[in-house]
Amino acid sequence: MSRRSFLAACLAAALCAASGAPAAAQSAQQQQVPAAAAFVERLAQRAIEGLTARDIDLDERTKRFRELLTESFDVPKIGRFALGTAWRTAAPPDREAYLKAFEDFIVATYATRFADYGGETIRVVSSRRLDEGEAAVGSVFERARGEPVRVDWRLAPEGQSWKIIDVIIEGVSMAITQRDDFSATVQRNGGRVGPLIDQLREKARPTTAQRS
Amino acid sequence: MSLSPSSFRTVAFAFGLFAFLALPAKAEMPAQTAQTQASDISDPFEYVNRGVFEFNRFLDEIALKPLAAWYGLLPDRAREGTHNFVGNLKTPWTAVNDLAQGEPSRFGNTFARFFINTFLGFFGAFDPAAQMGFPAHEEDAGQTFATWGVGEGPYIMLPVFGPSNLRDTVGFAVDSFLDPVNYIARHNDAQWVGPTRSAVGGVDARHRNWQQIEDLQRQSTDFYATIRRVYTERRRAAIANRAGGDAIPVPRMTDAEDAPVSAPRAEIPR
């Protein structure tokens, strides 16, 4: 067996040598943004410390999540983006109602996910500068089981610190996905924002299963 | 499956083409459902696609989900083994596509994986190659076409097989016919091989992605639109062989800002 595996390794090594360097031949080093990377690292740490405790109830977890969310994410900006062109034509009271419903929806959707935390960690692997002072931070979400998941964070400068404006999971931007989703709902309702707000509110209502 | 296995994919493919060719349906679309277009995904057959999507969701409820749930009752090792085995059967075709894409180092990696896992990993049930520094990846004809410069074409929801686009649908047909494992099986009167591995792979994938699908559904107000975006972006990422943040989609997020309605900016989505 060991003889065979040795042969296999040799074969494999020869193949790789023949076909050029297999390892990542790093292209030109991009400009790092250590401050943004540190921001994401700190956020991940705070989320794990504060949100994953098993002895807190749903209300407490939700409260802590909302604090962390509004502090670290530019929720209104993400919300405006997610509504797409409908934002422009929406009446001011609708905008306000929508942003409120959007935040509640985000909180309800994600807060509960921290309840069944299984030792996952987030490792920041890269950062780079984007246009308009923004930064992208690359990280790997490592799970106890299953493949690691690539998560990229997009941050905009906010005073002396940052605010996250998008999360890109395995190449899929949450902001763009949400915009497609919300736009479809608005358009299916003849351009009215009301039904979308109703749906977001409905989804934000915790189910009895989550309560207990 | 009541369909004769060899014709299973072909029939489904024909259905997909039918959906694609059912162009006139667009004209009869009620105004309300006509336009939920994402800005950079072409979906002219949305009306038909949505119907197929509902059909697929029904199939998922009555067949795929129950099967995946039963599959989940197997011991972890059995599922790992199944996953690895089905994955290993894909590597010869992946290797062909690596070559066709002009990726010699990826070809070397795939080639090594196939031999290591087939001979040392009990016909692919184990994945010793990954520990030896040969990570898994998959390439298919749709991705190869993309590297040759073929565009996505219109989005297509295939019956049974789910989200696709014109390029990937053609690629899928090519995959089914030219895949070396299927090809050899067909020429040895083992017609059942292709459909069986597709079915097992489908159940395995449904089980592995169970939670992600639940989450996506829970966080969407229009599941069709969400799946359309997620499928498209996952494919784009796979085509770019994106290891990470170098090519993440970075939309300008200024487009929904409180700019006055009379002075829209250039990058406003449709």
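Residues numbered from 1 in each chain as written. Chains lettered and ligands numbered in written order. Predicted model: local features only at pLDDT ≥ 70, side-chain atom pairs only at ≥ 80, totals over all residues. Heavy atoms only, no water.

Visitor: Run through the overall build of chain B, naming residues and quoting values.
Guide: Assigned secondary structure in chain B consists of 12 helices and 2 strands. Classification of the 270 residues of chain B by burial places 47% in the buried group. Here chain B has roughly 13,400 Å² of accessible surface; of this, 65% comes from carbon and sulfur atoms. (Helix = DSSP H or I, 4+ residues; strand = E, 2+ residues; numbered from the N terminus. Buried < 20%, exposed > 50% of the residue type's maximum accessible area, 1.4 Å probe, protein only. Areas by Shrake-Rupley, 256 points an atom, 1.4 Å probe, with all protein chains shown as cover.)

Visitor: Lay out the overall build of chain A in plain terms, naming residues and giving numbers.
Guide: When helices and strands are counted, chain A shows 9 helices and 5 strands. When the helices and strands of chain A are listed from N to C terminus, the series reads α-α-α-α-α-α-β-β-β-β-β-α-α-α. Taken over 212 residues, chain A has a buried fraction of 47%. Put simply, 53% of the contacts in chain A that link residues at least 6 apart link residues at least 24 apart. Counting only carbon and sulfur atoms, one obtains 54% of the accessible surface of chain A, whose full area is about 11,000 Å². (Contact = heavy atoms within 4.5 Å.)

Visitor: Residues and numbers for the packing of aromatic side chains, please.
Guide: Across all of its chains, the model carries 17 aromatic pairs over all chains by this definition. Ring pairing ties together the aromatic residues Trp87(A), Tyr98(A), Phe102(A), Phe105(A) and Phe182(A), which thus form one cluster. (Phe/Tyr/Trp six-rings, centres within 6.5 Å; stacked < 30°, edge-to-face > 60°.)

Visitor: Break down unusual backbone geometry for me, with residues and values.
Guide: Note: most residues except glycine have negative phi, and most peptide bonds are trans. All names here are of chain B. For phenylalanine 122, which is not a glycine, the phi torsion comes out positive at approximately 50°. You can see phenylalanine 122 is positioned in the loop between helix 5 (104-119) and helix 6 (128-131). Its relative accessible area of 57% is what places phenylalanine 122 among the exposed residues. Residue valine 160 is not a glycine yet carries a positive backbone phi of 70°. Tracing the backbone through its elements, the reader meets valine 160 in the loop between strand 1 (155-158) and strand 2 (162-165).

Visitor: Which residues make up the side chain of Arg235(B), and what are the values?
Guide: All names here are of chain B. Relative to the elements of secondary structure, arginine 235 occurs in helix 12 (residues 223-239). Within the structure, arginine 235 has its side chain in polar contact with the side chain of aspartate 140 (distance 2.9 Å). Those residues within four positions of arginine 235 in sequence are excluded, and the remaining contacts are Asp140, Gly142, Gln143 and Asp168. (Polar contact = N/O pair within 3.5 Å; in protein donor to acceptor, adjacent residues only side chain to side chain.)

Visitor: Please provide a residue-by-residue account of the pattern of salt bridges, values included.
Guide: This structure, assessed with the given rule, holds 35 salt bridges over all chains. Across the pair Glu170(A) and Arg234(B) runs a salt bridge, and its minimum N-O distance is 3.9 Å. With Glu170(A) in the loop between strand 4 (161-169) and strand 5 (172-173) and Arg234(B) in helix 12, this residue pair bridges two chains. For Arg234(B), a relative accessible area of 38% puts it in the partly exposed group. Residue Glu152(B) pairs with Arg236(B) through a salt bridge whose shortest N-O separation is 2.7 Å. One end of the pair, Glu152(B), is in the loop between helix 7 (141-147) and strand 1; the other, Arg236(B), is in helix 12, with 84 residues separating them in the sequence. (Salt bridge = Lys/Arg side-chain N within 4 Å of Asp/Glu carboxyl O.)

Visitor: Describe the pairing of strand 2 (residues 135-142) of chain A, and please don't skip the residues or the numbers.
Guide: Residues and elements named next belong to chain A. The buried count for strand 2 comes to 6 of 8 residues, which makes it a mostly enclosed element. In this structure, strand 1 (residues 121-129) lies alongside strand 2, joined through 8 bridges in antiparallel fashion. Along strand 2, the bridge assignment pairs serine 126 with glycine 138. The hairpin turn running from strand 1 into strand 2, its antiparallel successor, is 5 residues long, and glutamate 132 in that turn takes a positive phi close to 55°. (Pairing = 2+ DSSP bridges.)

Visitor: Lay out empty space enclosed by the protein with the relevant residues and their values.
Guide: Counted under the stated rule, the structure contains 2 cavities of 30 Å³ or more. Considering only enclosed or pocket space, the second largest cavity measures out at about 60 Å³ in volume. Around the second largest cavity, the lining residues are Tyr110(A), Met174(A), Thr177(A), Gln178(A), Asp181(A), Gln219(B), Ser220(B) and Thr226(B). Looking at the lining of the second largest cavity, the element that brings in the most residues is helix 7 (residues 174-188) of chain A, giving 4 residues. Partitioned by chemical class, the residues of the lining of the second largest cavity number 2 nonpolar, 5 polar and 1 charged. (1 Å grid on protein atoms, 1.4 Å probe; cavity = no way out; pocket = protein on both sides within 12 Å on 5 of 7 lines; lining within 4 Å. Points joined across faces, edges and corners; volume = space filled by probe spheres on them. Nonpolar A, V, L, I, M, F, W, Y, C, P; charged D, E, K, R; others polar.)

Visitor: So what's going on with helix 3 (residues 46-71) of chain B? Which residues, and what values?
Guide: Given 3.6 residues to a turn, an α-helix orients residues that are three or four positions apart in the same direction. Roughly 50° is the biggest bend found in helix 3 of chain B, and it falls at Asp60(B). Within the span of helix 3 of chain B, buried status applies to Glu46(B), Val48(B), Asn49(B), Arg50(B), Val52(B), Phe53(B), Asn56(B), Asp60(B), Lys65(B), Ala68(B) and Tyr71(B). (Bend = angle between axes of the 7 residues up to and from the residue.)

Visitor: Please set out a nonpolar patch on the surface residue by residue, giving values where relevant.
Guide: A grouping of Phe55(B), Phe58(B), Ile62(B) and Val160(B) is seen on the molecular surface, where their side chains present a nonpolar patch of about 390 Å² in accessible area. By the secondary structure assignment, Phe58(B) is in helix 3. (Patch = residues over 30% accessible without salt bridge, like charges linked within 9 Å, V, L, I, M, F, W, Y side chains within 5 Å.)

Visitor: Describe the environment of Arg235(B), with residues and values.
Guide: Given the relative accessible area of 13%, Arg235(B) is considered buried. For the pair Arg235(B) and Glu152(B), spaced 83 residues apart in the sequence, the C-alpha separation amounts to 9.6 Å.

Visitor: Summarise the pairing of strand 4 of chain A; cite the residues concerned and give the values.
Guide: All names here are of chain A. Burial of strand 4 is extensive: 7 of the 9 residues sit out of reach of the surface. In this sheet, strand 4 lies alongside strand 3 (residues 149-158) in antiparallel orientation, the contact comprising 8 bridges. The residue bridging valine 151 from the neighbouring strand is isoleucine 169, located in strand 4. Counted between consecutive antiparallel strands, the loop separating strand 3 from strand 4 contains 2 residues, among which glycine 159 sits at a positive phi close to 60°.

Visitor: Break down the sheet that holds strand 1 of chain A for me, citing the residues and quoting the values.
Guide: All names here are of chain A. An order of 1-2-3-4-5 is seen for the 5 strands of this open sheet, with the pairing classed as antiparallel. Two strands in the sheet have a free side with no partner beyond their single neighbour: strand 1 and strand 5. Note: strand 4 against strand 5, 2 bridges, orientation antiparallel. Bridging from a neighbouring strand, isoleucine 169 pairs with valine 172 of strand 5.

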